[in-house]
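Letter by letter, the chains look like this.
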Amino acid sequence: MRRLLDDGIVREDRTIVSGPGKPRTVLELEGNRLVSIGIHLDPSVLTFVAMNLRGEVLRERRIEVPNLEVASETVQQMATTVKELIAEIRVPKKHIVGVGIAVPGPVNVEEGVVINPPLLDGWADVELVNPLRKLLRLQVIIEKDTIASAVGELWQSKEEKTDDFVFVYCGHGFGAGIVIDGDVHHGSSNNAGEIGHYSTGHKSVFCEECGADDCLASGTSYEFIAAKAKERGLDLPAYEVLGPEQRAEGMNRLTELALEGNAVAKELVTESMVMAAEVAGQLANALDVREVVFGGPQWDKVSELVGEDVDAAVKRRFGLRTVHDIDTRTSTLGANVGAVGGACVVMDASLSPKATALLLR
Ligand SMILES: [Zn+2]
């Protein structure tokens, strides 16, 4: 405690005298002194934030369509960017609590390994935590991006806070974060929230992974969307070999066209988001939550276009509507939600019992 006082992380706020015995000193955390770094590895965008204990983002950095072909190079790039961010915010290194990386699932959190994320070719069994720890000499933690996003949402949504919700992460794929009784559900292997292979009821293409022909992943894949676009007279970029960069470029082009007012592009974007919403409605129904929160980089771009259709789809698939309402809302964290979530995860881990329960001023 002395060290925390000396470092200016905790200060003596006031003294309480109640009854006999030694007066108690109330300690208050200096929320702006401690900083954590969050990184979000999404196949289409690499995001970094530096966040203080109050949850304020001090600096952010975004690399659109990053080169993710060689995992070891991405790790180097992460380390360099983190060092730059730390230098820019001018916080002494002893006040940096660590780095939290939000990554697409499935993950092995204990070993710090990315297992085999579906849209990141070349990222099977990539060790992320140990190399970054060595390069940065900081605590490094990984968490599945949808779980990290739910942690971030729980930290940050102070006013709109609800204790039970489903968070739908919309990035290059879809995933869910589950919050029950104010706690994020991690699952037995820290991989809860896999909704990619839920059946949507909309026939698309056969999925080799799950054996269905109507799963969310197939119905919202770039391959399928580009084929549908062609049928409807819209040419999207075609590639001979489809890797993460090409898919990201293609999806970005589709989103741009939709935002510019192209009717077919808008239709395709809406159809994808509605499928995710239908799955979210069913999940919300099974969990008996009252709210579905949408966020992530893709949602940030298209929420205005698809908001009403998405809300309607969630409500349509929410069977409990005869018992209570289900609300949908947009995350306050925008495209940074995964990175902020990563920063919150490492803050949570460093400041036990639970930083979310601390009163900050
Ligand atoms: Zn599938």
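Residues numbered from 1 in each chain as written. Predicted model: local features only at pLDDT ≥ 70, side-chain atom pairs only at ≥ 80, totals over all residues. Heavy atoms only, no water.

The protein is annotated in an unreviewed UniProt entry as NBD/HSP70 family sugar kinase of Glutamicibacter protophormiae. The UniProt entry for the protein carries the following text under Sequence similarities (unreviewed entry): "Belongs to the ROK (NagC/XylR) family." (UniProt positions renumbered as here; feature names shortened; annotations may be inferred.)

Colleague: Requested: an account of the sheet that holds strand 14 (residues 291-295), with residues and values cited.
Modeller: The mixed open sheet is built from 5 strands, whose spatial order is 13-12-11-14-15. Strands at the two margins of the open sheet, each flanked by one partner only, are strand 13 (183-184) and strand 15 (327-330). Sheet topology places strand 11 (residues 165-170) next to strand 12 (residues 174-180); 6 bridges connect them, and they run antiparallel. Bridged to V168 within strand 12 is A176. Along the sheet, helix 4 (residues 145-156) contacts strand 11, strand 12, strand 13, strand 14 and strand 15; its crossing angle with strand 11, the most-contacted strand, is approximately 125 degrees. (Pairing = 2+ DSSP bridges. Helix = DSSP H or I, 4+ residues; strand = E, 2+ residues; numbered from the N terminus. Contact = heavy atoms within 4.5 Å. Axes fitted to C-alpha atoms, helices over the stretch in contact; angles between N-to-C directions.)

Colleague: I'd like a description of the side chain of Q298, backed by residues and values.
Modeller: Note on placement: Q298 falls in helix 9 (residues 297-316). Side-chain polar atoms of Q298 contact the side chain of T255, separated by 3.2 Å. In this structure Q298 touches C170, G171, T255 and M273, once residues within four positions along its chain are discounted. (Polar contact = N/O pair within 3.5 Å; in protein donor to acceptor, adjacent residues only side chain to side chain.)

Colleague: So what's going on with the coordination of the zinc ion? Which residues, and what values?
Modeller: Octahedral metal centres with six donors ideally show angles of 90 or 180 degrees, and tetrahedral centres with four donors ideally show 109.5 degrees. At the metal site, the zinc ion is ligated by H197 (ND1), C207 (SG), C210 (SG) and C215 (SG), and these contacts range over 2.0 to 2.4 Å. Metal-centred angles of 104 to 113 degrees between the 4 donor atoms at the zinc ion mark the site as tetrahedral. Site description for the zinc ion: donor spacing in sequence, H-x9-C-x2-C-x4-C. In this pair, H197 sits in the loop between strand 13 and helix 5 (216-219) while C215 sits in the loop between strand 13 and helix 5, placing the two residues 18 residues apart along the sequence. A relative accessible area of 33% means that H197 is categorised as partly exposed. We classify C215 as buried; its relative accessible area is 0%. (Donors = N, O, S within 2.8 Å, 3.2 Å for Na, K, Ca; no water. Tetrahedral: all angles 85-135°; square planar, octahedral: opposite > 155°, others 65-115°. Buried < 20%, exposed > 50% of the residue type's maximum accessible area, 1.4 Å probe, protein only.)

Colleague: So what's going on with helix 8 (residues 263-287)? Which residues, and what values?
Modeller: The first and last C-alpha atoms of helix 8 sit 36 Å apart over 25 residues, in line with the 36 Å expected at 1.5 Å per residue. For helix 8, the N-terminal cap is N262; the gap from its side-chain oxygen to the backbone nitrogen of V264 is 3.0 Å. Of the residues flanking the end of helix 8, it is D288, one or two places downstream, whose phi is positive at about 55 degrees. (Expected span 1.5 Å × (residues − 1).)

Colleague: Lay out the pattern of salt bridges with the relevant residues and their values.
Modeller: All chains considered together, the criterion is met by 16 salt bridges. Measuring nitrogen to oxygen at the nearest pair gives 3.4 Å for the salt bridge that ties E60 to R62. Judged by relative accessible area, which is 43%, E60 ranks as partly exposed. On the accessibility criterion, R62 (36% relative accessible area) is partly exposed. (Salt bridge = Lys/Arg side-chain N within 4 Å of Asp/Glu carboxyl O.)

Colleague: Describe the packing of aromatic side chains, with residues and values.
Modeller: By the definition in use, this model includes 1 aromatic pair. Between the aromatic rings of F294 and W299, the centroid separation amounts to 4.7 Å while the plane-to-plane angle is 25 degrees, which identifies the pairing as stacked. For W299, a relative accessible area of 4% corresponds to the buried category. (Phe/Tyr/Trp six-rings, centres within 6.5 Å; stacked < 30°, edge-to-face > 60°.)

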